[in-house]
Amino acid sequence: MALYVQKFGGTSVGSVERIKAVAEKVKGFRDQGHQIVVVVSAMSGETNRLIGMANEINDEPTPREMDMLVSTGEQVTISLLAMALHKLGVPATSYTGSQVGIQTDSAHTKARIQRIETDELQADLDAGQVVVVAGFQGVDEEGNITTLGRGGSDTTGVALAAALNADECQIYTDVDGVYTTDPRVCSKAQRLETITVEEMLELASLGSKVLQIRAVEFAGKYNVALRVLSSFEGGPGTLIIADSDKDEDSMEEPLISGIAFTANEAKLTLLNTPDVPGVASRILGPIADANIEIDMIVQNVAPAGDYTDFTFTVAKGDYRQTMKILQDQVIPDLGGGDLRGDDNIAKVSLVGVGMRSHAGVASKMFRVLADENINIRMVSTSEIKISVVIDEKHMELAVKALHKAFGLDKRSIEQE
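Counting restarts for each chain: residues are numbered from 1 in the order of the written sequence. Whole-chain, interface and lining totals are the exception, using all residues; otherwise, since this is a predicted model, local features are given only for residues with pLDDT of at least 70 and side-chain atom pairs are given and counted only at 80 or more. Calculation of side-chain values draws on the structure's entire complement of heavy atoms; hydrogens and water are dropped beforehand.

Put simply, the test is: UniProt positions are given in the numbering used here, feature names are shortened, and annotations may be inferred rather than shown by experiment.
Going by an unreviewed UniProt entry, the protein carries the name Aspartokinase and comes from Halomonas saccharevitans. Under the heading Sequence similarities (unreviewed entry), UniProt records this for the protein: "Belongs to the aspartokinase family." Its UniProt record gives the protein a comment under Catalytic activity (unreviewed entry), which states: "L-aspartate + ATP = 4-phospho-L-aspartate + ADP".

Here it is as structure tokens:
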């Protein structure tokens, strides 16, 4: 007998029929003698519907009231799924995040889990109940409902698996695993049988939307076995493993596990800024104070005592606010400078632990892009990642060319 935490996303519970199908799947596991905790999202489109209504009433609703509103989407799903399980003769109890004891901080709309009370959960499981939990939400010390941000149900699932010491956390989605890249862009993308937590963290942070990055962080920190599966098809999915569990032979080949990409970035450049100590802090400090995350940074080398150019990227949604901060605060503080911006860029990244023991990955990447006449605007590297910024119009071409050049087209499940 095993304890599984199973998370089903909005598409998986997007209709009454699909909720019934989830109930059948859960019943199948319970019939095998397993203990099951089910974490669910709101039905597909429901959160957007609620946000839309809020914006019709107030285009700047308070974060607390937004959390109160959008958390109701999951409450609908948990009750319907519990009813569907009852119909199948399966004892089940539904809980909101606050009822199940998911304690968070008070950062409304982007709260972080601090602890989970598991006594009542474990008692229900020991009594033979299937426990159905609303994902994406919790409660702060003042009793206010909080939400964990987009994709937060993944984090709920992994956090519960960690708290309960579950055998596996299974994330059911509309895809049957993690692929070498997005199959909608590259038709020859292959499903990975395994991928390391470190690689998955990079892919998630670089634009892959299969898992929320905080969920992967939880899995790595608490050594939770995490598997991505399809709600609609069979198959083993993709198992996300600790880096230390990677087979030594597989460390040699392949070099690259996946290619991530995103067009959700914007590039800003301050020209003719003073090349003096502390200038980077004076540029980026006001932006950080506005809770805007900065990604890639490039500062050109300038002759001594001269001026330099400072370039960085932010999320496209933060582009206009960042431009305003630079114009209103930073440039006056620096005593001048010319500002340039571009929100028609894309970031394409190669990810793979195999890079550690192989030289030449970057040069090969650059050569492939040059052969396609794609200009590289910025470069960022780490031990297992190389990212480039290019014009958005070349993004799909770059992904397809790199996928082929690094042999990802030819990989199969058996080769993983």
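The rest of the description comes next.
## Overview of the pairing of strand β17 (residues 378-382)
Heads up, the condition is: By definition, two strands form a pair when at least two bridges between them are found by DSSP. What counts as a helix is a DSSP run of H or I of at least four residues, what counts as a strand is a run of E of at least two, and both are numbered from the N terminus.
Bridging between β17 and strand β18 (residues 385-391) involves five bridges; their strand directions are antiparallel. Bridge assignment links Val379 to a residue of β18, and that residue is Val388. Joining the antiparallel neighbours β17 and β18 is a turn of two residues.

## Some thoughts on the UniProt feature "binding site: ATP" (unreviewed entry) in the protein
Definition in use: The contact criterion used is simple: two residues touch if any of their non-hydrogen atoms lie within 4.5 Å.
The UniProt entry lists Lys7, Phe8, Gly9, Gly10, Thr173, Asp174, Tyr179, Arg184, Lys209 and Val210 under the feature "binding site: ATP" (unreviewed entry), expressed in the numbering used here. Taken along the chain, the residues just named run across 204 residues; in space they spread out, the farthest C-alpha pair reaching 23.6 Å. Along the chain, Lys209 turns up in the loop between α8 (197-205) and α9 (213-222). Relative to the elements of secondary structure, Val210 occurs in the loop between α8 and α9. When neighbours within four sequence positions are excluded, Val210 is seen to be in contact with Asp154, Thr173, Val178 and Val228.

## Examining the packing of helix α7 (residues 152-164) against α9
Threshold: Inter-axis angles, ranging from 0 to 180 degrees, are taken between N-to-C directions of lines fitted to C-alpha atoms, where helices are fitted over the stretch in contact. Oblique is the label for any angle not under 35 degrees, not over 145, and not in the 65 to 115 range, which are roughly parallel, roughly antiparallel and roughly perpendicular in turn. Take the far helix as your reference; a near helix turned counterclockwise from it by less than a right angle gives a left-handed crossing, and one turned clockwise gives a right-handed crossing. Polar here means any residue other than Ala, Val, Leu, Ile, Met, Phe, Trp, Tyr, Cys and Pro, which are nonpolar, and Asp, Glu, Lys and Arg, which are charged; Gly is therefore polar.
Contact geometry for α7 and α9: axes closest at 8 Å, N-to-C directions at 15°. Classified by the angle their axes make, α7 and α9 are roughly parallel. Crossing geometry of α7 relative to α9 is assigned as left-handed. On α9, the residues that touch Asp154, Thr155, Val158, Ala159 and Ala162 of α7 are Arg214, Ala215, Phe218, Ala219 and Tyr222. For the contact of α7 with α9, the class distribution of residues is seven nonpolar, one polar and two charged.

## Quick look at helix α6 (residues 119-126)
Formally: Exposure categories follow from relative accessible area, calculated using a 1.4 Å probe and restricted to protein chains: below 20% of the type maximum is buried, above 50% is exposed, and the middle band is partly exposed. Arc definition: it is the arc formed by the directions from the helix axis to the C-beta atoms.
Restricting attention to buried positions, one finds in α6 the residues Leu121, Asp124 and Leu125. Buried residues of α6, seen end-on, are gathered within an arc of 100° and therefore sit on one face of the element. Residues of α6 that are exposed and angled more than 90 degrees away from the buried face: Asp119 and Asp126. Taken together, the buried residues of α6 touch β1 (3-8), β2 (35-40), β3 (92-95), α5 (97-100), β6 (130-134) and α7. Backbone geometry just after α6 places Gly128 at a positive phi near 90°.

## Structural notes on the sheet that holds β17
Strands pair in a sheet through their backbones, by hydrogen bonds, and they do so in one of two ways: parallel or antiparallel. Across the sheet, six strands lie side by side as β14-β15-β13-β16-β18-β17; this open sheet has antiparallel pairing. With one partner strand each, in any of the chains shown, β14 (294-299) and β17 form the two edges of the open sheet. Averaged over all neighbouring strand pairs, the angle between strand axes comes to 25°, with direction disregarded. As paired strands, strand β13 (residues 258-274) and strand β15 (residues 307-315) are joined by eight bridges and run antiparallel to one another. Bridged to Pro274 within β15 is Tyr307. Seen against the sheet, helix α10 (residues 279-289) touches β13, β14 and β15 and runs at an angle of roughly 25° to β15. On top of the sheet, helix α13 (residues 395-405) reaches β13, β16 (338-351) and β18; it is set at about 125° to β13, its chief contact.

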